[in-house]
Amino acid sequence: MSRFRDELWRVVDGVYGRILVHPFLTGLTDGTLPREVFRHFVVQETHFLPDYARALAACGVRATSPAAVQRFAADCARTVEVEHSLHVELLAAFGLDQDDARRIGAAPTTVGYASYLLRVCHLGTFPEALGAIVPCYWIYARVGEALLEQSSPDPLYAWWIETYGGEHYQETVAGVLDLLDEVAATLPEADRARLCEHALTTARYEWLFWDAAWRRESWPI
Ligand SMILES: Cc1ncc(C[n+]2csc(CCO)c2C)c(N)n1
């Protein structure tokens, strides 16, 4: 039986392919990624992830089953805890703290991606919210898996790769994809199409997030 997740993957697969060959990611695995680029990425993550956690909470509010409410509430809490400590350690590797990150501020892509997620998760239906948040989980899991095979000669990059390629993260994502299939089975075609559109937008934002770090994007004005 064909699963909705396979249909959705076909929508985002082209973007995923472009992500894998982006110089940010090839630089992570061959160790040539300039540390200043990774530093930019880490600072932007500290701005993005609190809003992603809020988007997960909003998605939980819209969820239509107790199990789904629990999943998103738990993932929201885990995102705050785990990602916070990950970023404190990564910032420290660059001699930075949260105040420095706040001073540097969120770049245009970070503001755009976070705002889009929050808009869809607050104003959209549950399937729309699900479509918007899934690429964030799924693309990181697929990227983590792909990069884990190669790892990195740079210990900092190798450590980052292990976080997302590791078993625990992979299991979290598998749970979200099971939920996605369950929900999609109850939806009319028009709702599935809308879900896919949101997923394509956030998949594009995932590419853009890496590209913005690569360009060390900042406000031109
Ligand atoms: C730009 C960006 N996109 C996705 C992730 C991955 N991620 C972060 S929190 C979370 C939910 C579960 O903890 C996921 C999937 C990231 N770190 N940064």
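Residues numbered from 1 in each chain as written. Predicted model: local features only at pLDDT ≥ 70, side-chain atom pairs only at ≥ 80, totals over all residues. Heavy atoms only, no water.

### Some thoughts on the site of the ligand
Part 1 of the reasoning: By nearness alone, 13 residues border the ligand, and Glu45, Cys136, Tyr164, Tyr169 and Glu206 come closest of all.
Part 2 of the reasoning: Taking tyrosine 140, its side chain carries an N or O atom lying 3.2 Å from a nitrogen atom of the ligand.
Part 3 of the reasoning: With respect to the ligand, the side chain of glutamate 206 contributes an N or O atom lying 2.7 Å from a nitrogen atom.
Part 4 of the reasoning: Here the ligand, which alone exposes 440 Å², has 97% of that area covered by the protein.
Part 5 of the reasoning: Listed by contribution, the elements that provide at least two residues to the shell around the ligand are helix 3 (35-62), helix 4 (66-93), helix 7 (126-150) and helix 10 (189-214).
Part 6 of the reasoning: Of the residues forming the shell around the ligand, the biggest block, four residues, is contributed by helix 3.
Part 7 of the reasoning: Here the residues of the shell around the ligand are counted per class, giving nine nonpolar, one polar and three charged. (Near = heavy atom within 4 Å. Polar contact = N/O pair within 3.5 Å; in protein donor to acceptor, adjacent residues only side chain to side chain. Areas by Shrake-Rupley, 256 points an atom, 1.4 Å probe, with all protein chains shown as cover. Helix = DSSP H or I, 4+ residues; strand = E, 2+ residues; numbered from the N terminus. Nonpolar A, V, L, I, M, F, W, Y, C, P; charged D, E, K, R; others polar.)

### Some words on unusual backbone geometry
Part 1 of the reasoning: Residue serine 151 is not a glycine yet carries a positive backbone phi of 50°.
Part 2 of the reasoning: Positionally, serine 151 belongs in the loop between helix 7 and helix 8 (155-165).
Part 3 of the reasoning: One non-glycine residue, arginine 216, lies in the positive phi region at around 45°.
Part 4 of the reasoning: Along the chain, arginine 216 falls in the segment after helix 10.
Part 5 of the reasoning: Relative accessible area serves as the criterion here: at 44%, arginine 216 is assigned to the partly exposed category. (Buried < 20%, exposed > 50% of the residue type's maximum accessible area, 1.4 Å probe, protein only.)

### Quick notes on the environment of arginine 10
Part 1 of the reasoning: Within the secondary structure, arginine 10 is located in helix 1 (residues 4-20).
Part 2 of the reasoning: A relative accessible area of 62% places arginine 10 in the exposed class.
Part 3 of the reasoning: Along the primary structure arginine 10 and arginine 216 are separated by 206 residues, whereas in three dimensions their C-alpha atoms are 30 Å apart.

### Quick word on the packing of aromatic side chains
Part 1 of the reasoning: Taken as a whole, this structure holds 24 aromatic pairs when the rule is applied.
Part 2 of the reasoning: The interplanar angle of 25° and the centroid separation of 5.8 Å between the aromatic rings of phenylalanine 48 and tyrosine 52 together place this pair among those described as stacked. Residue phenylalanine 48 and its partner tyrosine 52 are located together in helix 3, separated by four residues, close to a single helical turn. Residues phenylalanine 48 and tyrosine 52 agree in their burial class; the two are buried.
Part 3 of the reasoning: Overall, tyrosine 52 belongs to the buried group, its relative accessible area being 4%.
Part 4 of the reasoning: Sitting over the face of the ring of tryptophan 9, arginine 142 holds its NZ or CZ atom 4.2 Å from the ring centroid. (Phe/Tyr/Trp six-rings, centres within 6.5 Å; stacked < 30°, edge-to-face > 60°. Lys NZ or Arg CZ within 6 Å of the ring centre and 35° of its normal.)

### Some remarks on the side chain of threonine 29
Part 1 of the reasoning: Here threonine 29 shows up in helix 2 (residues 23-30).
Part 2 of the reasoning: Classification of threonine 29 by relative accessible area gives buried; the value is 11%.
Part 3 of the reasoning: Once residues within four sequence positions are removed from consideration, threonine 29 is found in contact with Leu147, Gln150, Ser151, Ser152, Pro153 and Ile161. (Contact = heavy atoms within 4.5 Å.)

### Regarding the UniProt feature "domain: Thiaminase-2/PQQC" (unreviewed entry) in the chain
Part 1 of the reasoning: UniProt records the feature "domain: Thiaminase-2/PQQC" (unreviewed entry) for residues 13-215 in the present numbering.
Part 2 of the reasoning: Each end of residues 13-215 is marked by a C-alpha atom, and these two atoms are 23 Å apart; helix forms 86% of the span and strand 0%. (UniProt positions renumbered as here; feature names shortened; annotations may be inferred.)

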